[in-house]
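Read off the chains here:
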Amino acid sequence: MRRVVVTGIGVVSPIGTGVDAFWSRVVEGANGIRRITKFDASDLACQIAGEVPTIEEDALGFDVNAALDAREQRRTDRFIHFALAAAGEALTQAGWSPETDEEKNRTGTIIGTGVGGFPAMTAGTRLVDEKGPRRASPFLVPSFLANLAAGQVSIRHGLKGPIGAPVTACAASLQALGDAARIIRSGEADVMVAGGTEACIDRVSYAGFCAAKAMSSKRNEDPANASRPFDQDRDGFIMGEGAGILILEDYEHAIARGATILVELKGYGTSADAHHVTASPADGEGGLRAMKQALATANLTPADIGYVNAHSTSTPVGDAAEVASLNTLFEGRGKDLAVSSSKSMFGHLLGAAGAVEAIACVKALTTGQLPPSRNLVNPDEAMTKFELVPDKAIDRQVDHVLTNGFGFGGVNASAVFSRV
């Protein structure tokens, strides 16, 4: 089977745009959660979010004008803006700009999202209701379709290979990486631009998640301490936004063109809970099967894993299920296994979460620094046997890391990245 390696990464996140900015903030255990600025949230149970700051708000923020011209900005929604920026960075790092027909045909694009252009949908609905259908823009539908992040990236860079857009809630971008790896292994493509993007911090989405009692409501006046994965005082997730794109490539293809290989995507697994629309089974059995499958395809055992970037979102039920699955899989392990959740720093990026956290895993392998968890004051007692990496990154070189992404509908995905 063909080996799949990572040759480029790009990121837009609430704590920084660009991999260097993002990683510098990750190792510090920085906070990216703040009061919502996009709309009036005063009557919502949760009034905070992991918004991506502009370059004017933060020197390490997102400069939309560097990613798209004014015309493109008007015709596309924010999730597409993020995807174009992250993909551009990743392709530049990979040094891959296909020019021949063969190169273009052998380069594909799979970018997942949980929702797509949700703000464009809600704004379009209001416009049509208030001013009539004649006021709708011909660019409305292409601005919000979930597959248009992948579509716009492929158009911009002339990528004519396989294209797709998993829409599997919070597992979407990790499934995008898994799908892309399978395409390379099957020989359908040599290079895949893969990952996820999300930008649905919107009054309607917040109303829905708050109604489901999935979001934190206790710390609106203390945003920096609100996202508390694995902490006993957790009370729900904080929504974030952003994008993560990885360039996956056949190992021999990368070697032949002299590319710098960052890490190997060694294993992948996915499964269904077949249990409940929003809740995992208490024992985390579905996620456990995904992790076991990822290890099996990587030809590794649980003892080989040195770090787990957990899905843990800060919800009481979801975290408990993942804790149960980790304890089962890593029975007998202790402080030699580090476990943390990046969502403590920037919130839950929904469909983009898996890819952004995969980038954190890539950097962990290449730098020898393991990402921390913020706000881990009273750890879940079932997790205390592991090294929980509170507050700041720790220096520890590991050879293999595992990352999880679980979503509504009972979808589970896990991936293993390894040093080359």
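Figured I'd write up the structure that's included with this text. (Residues numbered from 1 in each chain as written. Predicted model: local features only at pLDDT ≥ 70, side-chain atom pairs only at ≥ 80, totals over all residues. Heavy atoms only, no water.)

### So, the packing of aromatic side chains
Inference 1: According to the stated counting rule, one finds five aromatic pairs in the structure shown.
Inference 2: Judged by centre distance (6.0 Å) and plane angle (70 degrees), the rings of F39 and Y206 are edge-to-face. In this pair, F39 sits in the loop between strand 3 (34–35) and strand 4 (48–49) while Y206 sits in helix 10 (residues 203–211), placing the two residues 167 residues apart along the sequence. The same class applies to F39 and to Y206, which are both buried.
Inference 3: With centroids separated by 5.2 Å and ring planes inclined at 80 degrees, the aromatic side chains of F62 and F82 adopt a geometry described as edge-to-face. In this pair, F62 sits in the loop between strand 4 and helix 2 (64–67) while F82 sits in helix 4 (residues 78–94), placing the two residues 20 residues apart along the sequence.
Inference 4: In this structure F82 comes out as buried when scored by relative accessible area, which is 0%.
Inference 5: Grouping aromatic residues by their ring pairs yields a cluster made of F209, F237 and F408.
Inference 6: Above the face of the Y251 ring, R3 is positioned so that its terminal group lies 4.3 Å from the ring centre. (Phe/Tyr/Trp six-rings, centres within 6.5 Å; stacked < 30°, edge-to-face > 60°. Helix = DSSP H or I, 4+ residues; strand = E, 2+ residues; numbered from the N terminus. Buried < 20%, exposed > 50% of the residue type's maximum accessible area, 1.4 Å probe, protein only. Lys NZ or Arg CZ within 6 Å of the ring centre and 35° of its normal.)

### Overview of the side chain of S143
Inference 1: Within the secondary structure, S143 sits in helix 7 (residues 140–144).
Inference 2: Note on S143: relative accessible area 7%, which makes it buried.
Inference 3: Excluding residues within four positions of it along the chain, S143 makes contact with R75, T76, D77, F79, I80, G117 and A120. (Contact = heavy atoms within 4.5 Å.)

### Let's talk about the environment of F144
Inference 1: Examined against the element boundaries, F144 turns out to sit in helix 7.
Inference 2: Each C-alpha atom, one on F144 and one on R75, is 9.8 Å from the other, the two residues being 69 residues apart in sequence.
Inference 3: Residues contacting F144, with those up to four places away along its chain left out, are F79, G116, G117, A120 and M121.

### Concerning helix 6 (residues 118–131)
Each α-helix winds once per 3.6 residues, and so residues spaced three or four apart point in a common direction.
Inference 1: The end-to-end C-alpha distance of helix 6, which contains 14 residues, comes to 20 Å, matching closely the 20 Å that a straight helix rising 1.5 Å per residue would cover.
Inference 2: Turning to helix 6, its buried residues number three or more, namely F118, A120, T122 and G124.
Inference 3: Considering only its buried residues, helix 6 is in contact with helix 7 and helix 10.
Inference 4: Positioned one or two residues after helix 6, G132 has a phi angle of 100 degrees, which is positive. (Expected span 1.5 Å × (residues − 1).)

### Considerations on the pairing of strand 8 (residues 242–250)
Inference 1: The element strand 8 is extensively covered by neighbouring structure, given that nine of its nine residues are classed as buried.
Inference 2: Of the pairings in the sheet, the one linking strand 7 (residues 191–198) to strand 8 comprises eight bridges and is antiparallel in character. Pairing of M192 across the sheet is with L248, part of strand 8. (Pairing = 2+ DSSP bridges.)

### A word on the pattern of salt bridges
Inference 1: By the definition in use, this model includes 24 salt bridges.
Inference 2: With a shortest N-O distance of 3.3 Å, R35 and E221 are connected by a salt bridge. With a gap of 186 residues between them, R35 in strand 3 and E221 in the loop between helix 10 and strand 8 connect regions that are remote in the sequence.
Inference 3: Residue classification places E221 among the exposed residues on the basis of a relative accessible area of 71%.
Inference 4: Residue R228 pairs with D231 through a salt bridge whose shortest N-O separation is 3.3 Å.
Inference 5: Assessed through its relative accessible area of 0%, D231 is described here as buried. (Salt bridge = Lys/Arg side-chain N within 4 Å of Asp/Glu carboxyl O.)

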